[in-house]
Amino acid sequence: RKEVEQDPGPFNVPEGATVAFNCTYSNSASQSFFWYRQDCRKEPKLLMSVYSSGNEDGRFTAQLNRASQYISLLIRDSKLSDSATYLCVVTWNSGGSNYKLTFGKGTLLTVNP
Amino acid sequence: DAGVTQSPTHLIKTRGQQVTLRCSPKSGHDTVSWYQQALGQGPQFIFQYYEEEERQRGNFPDRFSGHQFPNYSSELNVNALLLGDSALYLCASSLVGAETQYFGPGTRLLVL
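Draft legend 1. Structural context of the overall build of chain A. Looking only at helices and strands, chain A has zero helices and 11 strands in total. Reading the helices (α) and strands (β) of chain A from amino to carboxyl end gives β-β-β-β-β-β-β-β-β-β-β. Computed over the C-alpha atoms, the radius of gyration of chain A is 14 Å, within 12% of the 13 Å expected from 2.2 N^0.38 for a compact globule of 113 residues. Taken along its principal axes, the extent of the C-alpha atoms in chain A is 50 × 30 × 25 Å. A buried classification covers 47% of the 113 residues belonging to chain A. Expressed as a percentage of contacts within chain A between residues at least 6 apart in sequence, the contacts between residues at least 24 apart total 56%. Where the 12 positive side-chain charges of chain A centre and where its 10 negative ones centre are 5 Å apart.

Draft legend 2. Region of interest: the side chain of glutamine 36 of chain B. All names here are of chain B. The topology assignment puts glutamine 36 in strand β4 (residues 31–37). Among the polar contacts made by the side chain of glutamine 36, one reaches the side chain of tyrosine 89 at a distance of 2.9 Å. In contact with glutamine 36, other than residues within four places in its own chain, are Gly42, Pro43, Gln44, Ile46, Phe60, Phe64, Gly84, Asp85, Ala87, Leu88 and Tyr89.

Draft legend 3. Structural context of the sheet that holds strand β6 (residues 55–57) of chain A. All names here are of chain A. The five strands are arranged β1-β3-β8-β7-β6 in an open sheet whose pairing can be described as antiparallel. Of all the strands in the sheet, the pair left with one neighbour each is β1 (4–6) and β6. The sheet shows a mean angle of 15° between the axes of neighbouring strands, direction not considered.

Draft legend 4. Seen up close, the environment of threonine 110 of chain A. Take threonine 110 of chain A: it is sitting in strand β11 (residues 107–112). For threonine 110 of chain A and alanine 84 of chain A, which are 26 residues apart along the polypeptide, the C-alpha to C-alpha distance reads 6.7 Å.

Draft legend 5. Quick look at a nonpolar patch on the surface. All names here are of chain B. On the surface, Ile12, Leu110 and Leu112 cluster together into a nonpolar patch covering about 300 Å² of accessible area. With respect to the helices and strands, the residue leucine 112 is situated in the segment after β11 (107–111). A relative accessible area of 53% places leucine 112 in the exposed class.

About the cut-offs
- Residues numbered from 1 in each chain as written.
- Chains lettered and ligands numbered in written order.
- Predicted model: local features only at pLDDT ≥ 70, side-chain atom pairs only at ≥ 80, totals over all residues.
- Heavy atoms only, no water.
- Helix = DSSP H or I, 4+ residues; strand = E, 2+ residues; numbered from the N terminus.
- Rg over C-alpha atoms; globule rule 2.2 N^0.38 Å.
- Buried < 20%, exposed > 50% of the residue type's maximum accessible area, 1.4 Å probe, protein only.
- Contact = heavy atoms within 4.5 Å.
- Lys, Arg positive; Asp, Glu negative; His and termini not counted.
- Charge placed at Lys NZ, Arg CZ, Asp CG, Glu CD.
- Polar contact = N/O pair within 3.5 Å; in protein donor to acceptor, adjacent residues only side chain to side chain.
- Pairing = 2+ DSSP bridges.
- Axes fitted to C-alpha atoms, helices over the stretch in contact; angles between N-to-C directions.
- Patch = residues over 30% accessible without salt bridge, like charges linked within 9 Å, V, L, I, M, F, W, Y side chains within 5 Å.
- Areas by Shrake-Rupley, 256 points an atom, 1.4 Å probe, with all protein chains shown as cover.
- Salt bridge = Lys/Arg side-chain N within 4 Å of Asp/Glu carboxyl O.

The following block contains the structure:
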C-alpha cells in the first residue's frame, strides 16, 4: 500500500463548479498534513495546512479525519486559475527534529471556460 | 528576500556520467531537502541535510549523495547515471523543527 494515495483524476470542470479531492495515508504516526499546488513545469507551492478541526481559506476548505486517515480539499466556485495539479502531503518525524514530506501522486484539475 | 534557488535549470547527460546539482536555501533557513519528481508522479524524498550532515534518507541507492556547506547551501551528486534518473530534481529549504518547506524551481535532468 502506498504511503499517500490520491484520487487518480484528471478532473475537468466548468468555471464556477465545486470540486473535491480525496487523499488517504497509511502511517498512523503521521503528524502534519498539507495540500500543495503545482503548476505545469513549476515547483510545488504550499496551498494550505490541514487541521483536525477543518480549516478554510477563501474558496478552499480542507478537512482531516485522523481516525480514518483521510484528508480532503474542497474548492468552491472554481476559477480558470485553479487549473493545476493538487498534491496531498503528509509529514512525520523519525525521531530527530527534522521532517520529511511524503507526497501523493497528485490530481490534475482543469477548469474550463 | 531571495527564495530558494537552484542551478542549473536544465541539464542533459548520457548514461554512466556523473552530475552535480546545486541549491541555495531561502534566507534564514538551515535545512535542505532534496526530492526527485518523475513525470506524472509526486516528488519522492531523497535525503535531508542539517548542520552539514545527512539526517534522513529516502529509498535511493548510494549513487545519490549530497553535501551541505557552512553557508547552508547544498549539492546533490548522482553517479553512474541511468535513463531512469531523468526527472525534475527539487530542493526545499526549511528551518530545523519546522514542517513547512519551500521549494526551488528545480533542475530538469535528461539522461540519454
